[in-house]
Amino acid sequence: MEKSDKKIHIIGAGLSGLVAAIVLERFGYHPIIIERDNHIGGRLQTKKVKGYQVDVGFQVLLEAYPKLQEYAKLDQLQLKSFEPGASIYLNSKWEVLGDFTRSPKLIFRTLSSSIGSIRDKLKIFKLSQSLKKKSIEEIFNSPDLKTIDYLKDYGFSEAIIDSFFIPFFGGIFLEDELKTSSRMFEFIYKMFSEGKVSIPKNGIATLPKHLAGQFKNTEIWLNTTVKEVKSDKILLENDKAIHSDYTIIATEANNLVSNLKNQKTSWHCCDNLYFITPEIKIDSNFIGLLPQKDALINNIVFIEEKKAKKEGQYLLSVTVVKKHDFNQEELIKKIRKELKSYVGIQELEFLTHFYIPKALPILQPVENDIMPSETLLKDGIFLAGDQMLNASVNAAMLSGERAAMGIIELEKLNH
Ligand SMILES: Cc1cc2nc3c(=O)[nH]c(=O)nc-3n(C[C@H](O)[C@H](O)[C@H](O)COP(=O)(O)OP(=O)(O)OC[C@H]3O[C@@H](n4cnc5c(N)ncnc54)[C@H](O)[C@@H]3O)c2cc1C
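Worth saying up front: this structure is predicted, and the values here are computed from it rather than measured.

Looking now at the pattern of salt bridges. The tally for this structure, following the rule as stated, stands at 17 salt bridges. Put simply, Lys179 and Glu177 hold a salt bridge, and the shortest N to O gap is 3.6 Å. The class of Glu177 is partly exposed, set by a relative accessible area of 48%. For the salt bridge of Lys281 with Glu279, the shortest nitrogen-to-oxygen distance reads 3.9 Å. Among the charged side chains, a network of salt bridges with common partners joins Lys67, Glu70, Asp369, Glu401 and Arg402.

Here you go:
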């Protein structure tokens, strides 16, 4: 049988599934991606709301991610970079804490800011220098502490932990207690120290579109939900059965494979609200943090939206990470109030709200890599997805590559 005649199905058109298809194609296979939604990209989604382009959940690309560099041509993503650091609302004003080794213009504002002590600032610098020398492999073999304990052990003051690390990494881990593994903290901190933090000008969905743009021999079936996966066949929700020589489940597998029912993934959730405002309070090149304990808002970003922008209007993204019981109406009211009282924005037009119940998988332990053979679940069924390793774009892409290589290696062994 020709390689191209092998029936290989990938369930899920998120980053992991898309990369799996790219790798399979490179080795001569013609995979089929089966996707439940009416679009590709999984958790990387961009929508149009009243003419404004909004990402479903604010997220950034760390350009230093090795697998992002390997599978995407970054110069084709039209990336807009943020300043390396953050603007933090403290003592009734916006202060800046930045990596001035990468952006020298931030040196004065960083050293003169009241965020943490000079000792803290030196430690931030020291940590980034030491992580630049530590390999990703070493990081993921390091002791697995809670990030909060790691920061205290490193000697950071409570002030800098509360005003910088909790809101900054809380916005990345989507949890505000920093219980996430210190391996993940070191990995993300290293990526921040080594490359730019960016979003594509045309929205985060640019990345999956760019990956799918590389396909030559991959079919994508949208609006098709898989109900069950067996060793040589896939059952669709409409009860149609499809023969499959190999299947990669590039999403949670527990609902799809019969004896995995108790291996359920737990998830961090978040809210992402968008407003239109003429009042820009921080430079749109910064991510703004609200470290106040009683504030629901974690971070804000002003986005210059060229296409739909009325003259002098900005799109404002607000991310909420803290747990709350507000309904949508109450949440919008509370956020409006916080934007007025903390940020001083009077004129706000609500645009849209996304609640993302399954944003990041909660994983313990976190890993960086897996052998291709280890992605084999049983008889021709392979697993991919960020939940296999760690909650990141890099891990999703890497897991897809490894699952594809699992099939390729097995096929080589069989011939
Ligand atoms: C709000 C938010 C912020 C984030 N911030 C960052 C960040 O700043 N940096 C970073 O590195 N990462 C971030 N992430 C994580 C990153 O987006 C994910 O790690 C990555 O997109 C996961 O890709 P995946 O392929 O593993 O899974 P997914 O994207 O979840 O893809 C799975 C796909 O499978 C499909 N599917 C599921 N079940 C079925 C079925 N039965 N039949 C058919 N199809 C099915 C789904 O529809 C989906 O398209 C963030 C995520 C969110 C949501």
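On we go from here.
Right, let's talk about the domain arrangement of the protein chain for a bit. One can read the domain layout of the protein chain as domain 1 (3-45 + 205-265 + 363-414), domain 2 (53-59 + 266-361) and domain 3 (80-197). Relative placement of domain 2 and domain 3: their C-alpha centres are 22 Å apart. The largest per-residue losses of area from domain 2 upon contact with domain 3 belong to Phe286, Leu289 and Pro291, which jointly make up 30% of the total buried on that side. Applying the counting criterion to the domain 2 and domain 3 interface returns 1 salt bridge. In this structure, Lys293 engages Asp162 in a salt bridge whose closest nitrogen and oxygen atoms are separated by 3.6 Å. Taken together, the connections running from domain 2 to domain 3 amount to 9 residue pairs in polar contact (both at pLDDT 80 or more). Of all the elements in the fold, those that place two or more residues in the side of domain 2 that touches domain 3 are β15 (266-277), β16 (288-289), β17 (297-303) and β19 (349-362). Sort the elements by how many residues they give to the side of domain 2 that touches domain 3 and β17 lands first, with 4 residues.

Locating Gln59 in the fold gives a position in the loop between β4 (52-55) and β5 (61-62). Judged by its relative accessible area of 23%, Gln59 is partly exposed. Spatially, the C-alpha atoms of Gln59 and Ile199 are 7.7 Å apart, while their sequence positions differ by 140 residues. Not counting chain neighbours up to four residues away, the residues in contact with Gln59 comprise Arg43, Leu44, Ile199, Ile204 and Val393.

What counts as what
- Residues numbered from 1 in each chain as written.
- Predicted model: local features only at pLDDT ≥ 70, side-chain atom pairs only at ≥ 80, totals over all residues.
- Heavy atoms only, no water.
- Salt bridge = Lys/Arg side-chain N within 4 Å of Asp/Glu carboxyl O.
- Buried < 20%, exposed > 50% of the residue type's maximum accessible area, 1.4 Å probe, protein only.
- Domains from an automatic or database assignment.
- Buried area = accessible area lost by both parts, 1.4 Å probe.
- Polar contact = N/O pair within 3.5 Å; in protein donor to acceptor, adjacent residues only side chain to side chain.
- Helix = DSSP H or I, 4+ residues; strand = E, 2+ residues; numbered from the N terminus.
- Contact = heavy atoms within 4.5 Å.

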